[in-house]
Protein chains: 2
Amino acid sequence: MKDVAQHAGVSTATVSRVLNGHAAPTPETRERVLAAIEELGYRRNALARSLRTTSTQTLGLVISDLLNPFFAEIARAVEDEARSQGYCVVIGNADENTEQEATYVRTLLDRRVDGLLLCPATDDPGLVREVSAGGVPLVLLDRTVRGATCPVVRADGSEALTALARRLVGAGHTRIGVIAGPPNTSTGRERTDVLTGSLGGLAQVVHGDFRQGSGSQAAARLLDDGVTALIAMDNLMGLGALGEIRARALQIPHDIAFAVFDDQPWFPLLDPPITVIAQPTVEMGRAAARSLLALIDGRQPDDVRLTAKLVLRGSLGEAEL
Amino acid sequence: MKDVAQHAGVSTATVSRVLNGHAAPTPETRERVLAAIEELGYRRNALARSLRTTSTQTLGLVISDLLNPFFAEIARAVEDEARSQGYCVVIGNADENTEQEATYVRTLLDRRVDGLLLCPATDDPGLVREVSAGGVPLVLLDRTVRGATCPVVRADGSEALTALARRLVGAGHTRIGVIAGPPNTSTGRERTDVLTGSLGGLAQVVHGDFRQGSGSQAAARLLDDGVTALIAMDNLMGLGALGEIRARALQIPHDIAFAVFDDQPWFPLLDPPITVIAQPTVEMGRAAARSLLALIDGRQPDDVRLTAKLVLRGSLGEAEL
DNA sequence: AGGCCGTAGTTAATCGATTACACATGGATG
DNA sequence: CATCCATGTGTAATCGATTAACTACGGCCT
């Protein structure tokens with residue numbers, strides 16, 4: 001910057017003013033400065049700027065698993081919204097691992113992100129407290145924690161799940177396998193509670209960890225137990241379950257009715273296409289980013305609760321008639 | 001930091017020494033400092049540190065499309081490797097868009113990443129030159145640009161593609177539809193050249209843009225033209241093509257032979273399972289991160305060329321006998 | 001003419017770290 | 001006993017920006 005100033009025959013203060021679009025500089029000086037910048041190929045050091053202004057124009061996003069397309073879509077949406085407001089997003093991948101999650105959150109705080117979006121790996125409020133204590137704006141996304149005091153953005157699947165339950169019961173299923181998420185995550189617990197609640201005593205629950213492997217194992221257990229319907233509580237466990245179903249050469253829906261929480265572009269391509277509960281991922285991501293930016297802005301955004309929708313495609317068989 | 005120093009009755013220099021594990025401080029002073037840090041909940045400002053040391057311990061990764069699982073896997077691998085060496089990764093999503101790509105690259109440079117991994121959207125060397133001119137370590141990943149002078153990490157599909165071509169020809173296919181990537185990307189061009197080359201005059205090529213929509217459109221065109229085999233040059237276009245095939249109620253492999261470049265976890269679940277050319281995504285990501293770290297370290301890593309493998313699963317029909 | 005004001009630009013303090021250099025202390029050496 | 005060195009710590013310059021406070025200049029009013 002000193003070089004630019006010298007080159008243009010002004011002081012660094014003037015260069016800074018030009019760069020920040022302040023009122024002061026004459027159009028003529030402005031020109032000279034811009035020319036010097038151009039000529040020297042100068043780019044301002046964002047680190048120094050941030051140090052001085054205590055604003056990085058950066059949001060942190062810590063998600064549970066980058067390989068899960070659900071989170072990838074969310075990340076994408078967050079990024080879009082943030083960029084449109086001049087913010088940049090740093091993504092941290094916690095891998096459904098509490099320790100890695102904490103490490104990432106701390107790294108992001110150390111780098112002074114202006115705000116943090118977190119999809120907590122568990123419902124333990126420890127980490128959230130730590131962030132709040134540091135006074136950094138925080139919004140929870142998809143999942144919440146016990147006694148959360150910050151804004152939360154999530155999808156509500158209750159309606160869709162009860163509708164699904166009603167159909168299964170109506171079609172005469174009496175042994176319904178539920179591949180549930182981890183009970184120490186809000187989404188894992190809530191979805192399962194709603195579904196088993198509406199199924200009365202017909203549900204058989206096995207807990208997985210929101211990953212493919214646990215999906216196949218859970219499916220194997222439940223199929224051994226003789227269930228006639230299988231519901232996976234997220235797309236990765238659904239993928240695992242489908243693998244197990246295929247390995248046993250079972251026909252959907254004839255041998256087994258099947259549905260998944262989370263939609264994926266390839267679900268309609270299966271035969272039959274898979275019935276799902278679709279979450280509005282893009283809207284979730286955008287809403288979360290907006291809430292966080294509002295918070296950074298000093299406003300106090302409300303919680304956002306979007307609704308997930310049951311999409312019937314055929315994998316439930318007669319339950320869809 | 002001043003507070004910590006005061007609290008421990010030492011100078012900031014000593015605090016800094018403790019923090020950086022320098023030899024100097026007495027075990028006893030060290031203890032006092034650590035206690036003060038603990039008590040005050042002090043966390044050091046990474047911005048200030050980076051400003052002074054001119055090292056951010058951060059790698060930039062600009063990928064073409066976060067929603068493409070191929071890139072998501074790569075990102076994941078890069079991140080793993082980087083973290084294991086104490087580096088953090090900032091991901092930028094270019095969305096197969098040159099302008100957004102340039103914006104992201106510049107943002108990352110402004111934030112003084114220690115090195116940059118780039119999956120270039122086109123083979124235009126402009127942006128690469130700009131980065132090199134700035135003296136920032138750069139490694140290209142998956143794709144290269146014309147006249148690249150920096151290390152490149154990619155997968156070589158030539159062998160797999162010729163093997164695939166041989167099988168198609170051997171099975172008697174005479175009209176083979178190729179859903180190609182954009183000709184201004186190295187992967188788009190090279191894959192297509194190899195395949196059409198080994199197919200003699202039997203190939204019919206339609207160019208897509210590595211996204212789902214273009215895959216369905218290209219498939220529609222080619223199917224209208226009466227091809228008996230369809231090869232998609234990446235997984236998203238493959239997804240689109242499958243949609244079109246399904247919409248027309250065509251049977252694979254009876255009505256149409258089908259294969260895709262890129263593997264995906266759900267390909268084995270289709271009926272029949274889809275034959276693919278699988279790229280070693282994880283190894284690519286790790287290798288790229290390693291190369292970049294070597295470059296940052298002042299070493300001069302070689303280009304890395306891994307091989308993609310043909311995985312036969314049944315969607316080619318008799319071509320697989 | 002003298003006082004006042006607005007404008008364009010400069011000087012220098014500051015953000016929070018790192019680190020070269022200076023300094024003090026104490027034990028070993030000639 | 002003076003000298004020297006090793007060791008642990010403090011002082012202050014520095015990284016590259018922003019910005020409050022100040023100066024210089026010219027015109028306007030009375």
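Starting afresh in each chain, residues are numbered from 1 along the sequence in its written order. Naming scheme: in the order in which they are written, chains are lettered from A and ligands are numbered from 1. Residue-level local features of this predicted model are given only where pLDDT is at least 70; pairs of side-chain atoms are given and counted only at 80 or more, and the full residue set underlies all totals for whole chains, interfaces and linings. Heavy atoms throughout the structure, all of them, feed into the side-chain values; hydrogens and water do not.

Novice: Can you lay out the sheet that holds strand S3 (residues 115-118) of chain B for me, pointing to particular residues and giving the numbers?
Specialist: All names here are of chain B. Spatial ordering of the open sheet is given by S2-S1-S3-S4-S5-S11, a layout of 6 strands whose pairing is parallel. The sheet is open, and its two edges are formed by strand S2 (88-93) and strand S11 (304-307), each paired on a single side. Each neighbouring strand pair of the sheet contributes to a mean axis angle of 20°, computed without reference to strand direction. Taken together, the 4 bridges between strand S1 (residues 58-63) and S3 define a ladder with parallel strand orientation. Within S3, the position partnered with Val 62 by the bridge is Leu 118. Pairing between strands is defined by DSSP: at least two bridges between the two strands are required. Helix and strand assignments follow DSSP, with helices taken as H or I runs no shorter than four residues and strands as E runs no shorter than two, numbered in order from the N terminus. Axis definition: a line fit to C-alpha positions, over the contact stretch in the case of helices; interaxial angles, taken between N-to-C directions, run 0 to 180 degrees.

Novice: Help me get a handle on the domain arrangement of chain A, residues and values and all.
Specialist: Residues and elements named next belong to chain A. Reported domain spans reflect what an automatic or database domain assignment gives. Segmentation of chain A into domains returns domain 1 (2-44), domain 2 (55-155 + 281-306) and domain 3 (156-279 + 310-320). Each partner contributes to the interface: domain 2 provides 19 residues, whereas domain 3 provides 17 residues. The buried area of a pairing is the accessible area, by a 1.4 Å probe, that goes missing from both parts when the two are put together, added over both. Here domain 2 and domain 3 share an interface that buries about 1400 Å² over both sides, 41% of which is from carbon and sulfur atoms. For this analysis, a salt bridge means a side-chain nitrogen from Lys or Arg found within 4 Å of a carboxyl oxygen belonging to Asp or Glu. For the pair domain 2 and domain 3, the interface holds 3 salt bridges. Across the salt bridge formed by Arg 154 and Glu 190, the nearest N and O atoms sit 3.4 Å from each other. Polar contacts, as counted here, are pairs of nitrogen or oxygen atoms within 3.5 Å of one another; within protein the pair requires one atom able to donate a hydrogen and one able to accept it, and residues that are adjacent in sequence qualify only if both atoms are side-chain atoms. For the pair domain 2 and domain 3, the number of links is 10 residue pairs in polar contact (both at pLDDT 80 or more). Contacts are assigned to residue pairs that have any heavy atoms within 4.5 Å of one another.

Novice: Outline the environment of Asp224(A), supporting the account with residue identities and numerical values.
Specialist: Residues and elements named next belong to chain A. Of note, Asp 224 is situated in helix H10 (residues 212-224). Exposure remark for Asp 224: the relative accessible area of 58% places this residue in the exposed category. Taking the C-alpha atoms as reference points, Asp 224 and Arg 111, separated by 113 residues in sequence, lie 50 Å from one another. Here Arg 248 takes part through its side chain, which lies 3.0 Å from a polar atom of the side chain of Asp 224. In this scheme, a residue with accessible area under 20% of its type's maximum is buried, one over 50% is exposed, and one in between is partly exposed, where area comes from a 1.4 Å probe on protein chains only.

Novice: Report on the relation of the copies chain B and chain A, specifying residues and quantitative values.
Specialist: Superposing the two chain copies requires a rotation about an axis and a translation along that axis. A residue counts toward the fit only if its pLDDT is at least 70 in both copies, and the copies are then superposed by least squares on the C-alpha atoms of those residues. With an axial shift of 0.0 Å and an RMSD of 0.1 Å, the rotation relating chain B to chain A amounts to 180°. Accordingly, the operation relating the two chain copies is best matched by a two-fold axis. When the interface residues of chain B are mapped onto chain A, 100% of them are again interface residues, pointing to one common binding face.

Novice: With reference to specific residues and values, describe the side chain of Asp123(B).
Specialist: Here Asp123(B) is to be found in the loop between S3 and helix H7 (126-133). Residues within four places of Asp123(B) in sequence aside, it is in contact with Thr144(B), Val145(B), Arg146(B), Asn184(B), Ser186(B) and Arg189(B).

Novice: Outline the pairing of strand S8 (residues 229-232) of chain A, supporting the account with residue identities and numerical values.
Specialist: All names here are of chain A. Side chains of S8 alternate between two faces, with Ala 229 and Ile 231 and Leu 230 and Ala 232 buried alike. Where strand S6 (residues 176-180) lies against S8, 4 bridges are found, and the strand directions are parallel. When the bridges of S8 are listed, Val 178 appears paired with Ile 231. Both S8 and strand S9 (residues 257-261) contribute to a ladder of 4 bridges, which runs parallel. Its bridge partner being in S9, Ile 231 is matched across the sheet by Ala 259. Convention used here: a crossover is right-handed provided that the path from the first strand, over the helix, to the second strand proceeds clockwise when the strands point away from the viewer. On the question of chirality, the crossover connecting S8 to the parallel S9 by way of helix H11 (residues 235-247) is right-handed.

Novice: I'd like to hear about the nonpolar core, residue by residue, with values.
Specialist: Here, nonpolar core means buried Ala, Val, Leu, Ile, Met, Phe, Trp, Tyr and Cys residues that are tied together by side-chain atoms lying within 4.5 Å of each other. The biggest cluster of nonpolar side chains holds 94 residues, and the ones touching the most others in it are Leu230(A), Trp266(A), Leu230(B) and Trp266(B). Setting aside anything within four residues of it in sequence, one finds Leu230(B) in contact with Gly177(B), Ile179(B), Ala219(B), Leu222(B), Leu223(B), Ile245(B), Ile256(B), Ala257(B), Phe258(B) and Ala259(B). Residues Ile63(A), Val89(A), Ala288(B) and Ala289(B) belong to the second largest nonpolar core, which totals 52 residues.

Novice: Go over the state of the cysteines with me, naming the residues and quoting the values.
Specialist: Residues and elements named next belong to chain A. Two cysteine sulfurs form a disulfide in these notes if their separation is within 2.5 Å. Per the stated rule, a full pass over the model turns up 0 disulfides over all chains. Between Cys 119, a cysteine without a disulfide, and Cys 150, which holds the nearest cysteine sulfur, the sulfur-to-sulfur distance is 12 Å. Here Cys 119 falls in the buried class, since its relative accessible area comes to 1%.

Novice: Hey, could you go over unusual backbone geometry for me, with residue numbers and the actual values?
Specialist: Omega for the peptide link from Ile252(A) to Pro253(A) comes to -5°, which places this bond in the cis form. Along the polypeptide, Pro253(A) turns up in the loop between H11 and S9. The backbone of Arg112(B) sits at a positive phi, close to 60°, despite the residue not being glycine. Residue classification places Arg112(B) among the partly exposed residues on the basis of a relative accessible area of 31%.

Novice: Can you explain the pattern of salt bridges? Please cite residues and give values.
Specialist: Summed over all chains, the structure comprises 45 salt bridges over all chains. Note that Arg43(B) is salt-bridged to Asp110(A), the shortest N-O span being 3.1 Å. Here Asp110(A) lies in helix H6 (residues 98-110) and Arg43(B) lies in the loop between helix H3 (27-40) and helix H4 (46-53), a pairing that spans two chains. Judged by its relative accessible area of 40%, Arg43(B) falls in the partly exposed class. For Asp110(A), a relative accessible area of 17% translates into the label buried.

Novice: Run through the interface of chain B and chain A, naming residues and quoting values.
Specialist: Put simply, an interface is often sized by how much accessible area is lost when its parts join up. At the junction of the two partners, chain B supplies 44 residues and chain A supplies 44 residues. For the chain B and chain A pair, buried surface summed over both sides reaches about 4200 Å², with 60% attributable to carbon and sulfur atoms. Of all residues in chain B, the largest losses of buried area upon contact with chain A belong to Leu47(B), Arg111(B) and Leu269(B), amounting jointly to 16% of the total for that side. At the junction of chain B and chain A, the tally comes to 6 salt bridges. For the pair chain B and chain A, the interface holds 20 residue pairs in polar contact (both at pLDDT 80 or more).

Novice: Just give me the short version of the side chain of Thr281(A), but keep the residues and values in it.
Specialist: Residues and elements named next belong to chain A. By the element assignment, Thr 281 lies in helix H12 (residues 281-296). Side chain to side chain, Thr 281 and Glu 73 meet in a polar contact 2.6 Å long. Other than its neighbours up to four places away in sequence, Thr 281 contacts Phe 70, Glu 73, Ile 74 and Ala 77.

Novice: Which residues make up the protein's contact with DNA strand C, and what values do they have?
Specialist: Any residue with a heavy atom positioned within 4 Å of a molecule or strand is treated as near that molecule or strand. In the region of DNA strand C, 24 residues are neighbours, and Arg17(A), Arg52(A), Ser16(B), Asn45(B) and Arg49(B) sit closest. The share of sugar and phosphate among atoms of DNA strand C within 4 Å of the protein is 64%. A distance of 2.5 Å separates a phosphate oxygen of DNA strand C from a polar atom in the side chain of Ser16(B). Ala48(B) has a polar backbone atom sitting 3.4 Å from a base nitrogen of DNA strand C. Those elements that place two or more of their residues in the surface near DNA strand C are helix H2 (12-19) and helix H4 (46-53) of chain A together with helix H2 (12-19) and H4 of chain B. Per element, the largest residue contribution to the surface near DNA strand C is 5 residues, and it comes from H4(B). Tallied by class, the residues present in the surface near DNA strand C amount to 10 nonpolar, 8 polar and 6 charged. The nonpolar class holds Ala, Val, Leu, Ile, Met, Phe, Trp, Tyr, Cys and Pro. Asp, Glu, Lys and Arg form the charged class, and all remaining residues, Gly among them, are polar.

Novice: For the protein's contact with DNA strand D, give the residues involved together with the corresponding values.
Specialist: Taken together, 25 residues form the shell around DNA strand D, and within it Ser16(A), Asn45(A), Arg49(A), Arg17(B) and Arg52(B) come nearest. Restricting the count to atoms of DNA strand D within 4 Å of the protein gives a sugar and phosphate share of 62%. Arg17(B) places a polar side-chain atom, nitrogen or oxygen, 2.5 Å from a base oxygen of DNA strand D. For DNA strand D, a phosphate oxygen lies 3.0 Å from a polar atom in the backbone of Thr26(B). Among the secondary structure elements, those contributing two or more residues to the surface near DNA strand D are H2 and H4 of chain A together with H2 and H4 of chain B. Ranked by residues supplied to the surface near DNA strand D, first place goes to H4(A) with 5 residues. A class-by-class count of the residues in the surface near DNA strand D yields 10 nonpolar, 9 polar and 6 charged.

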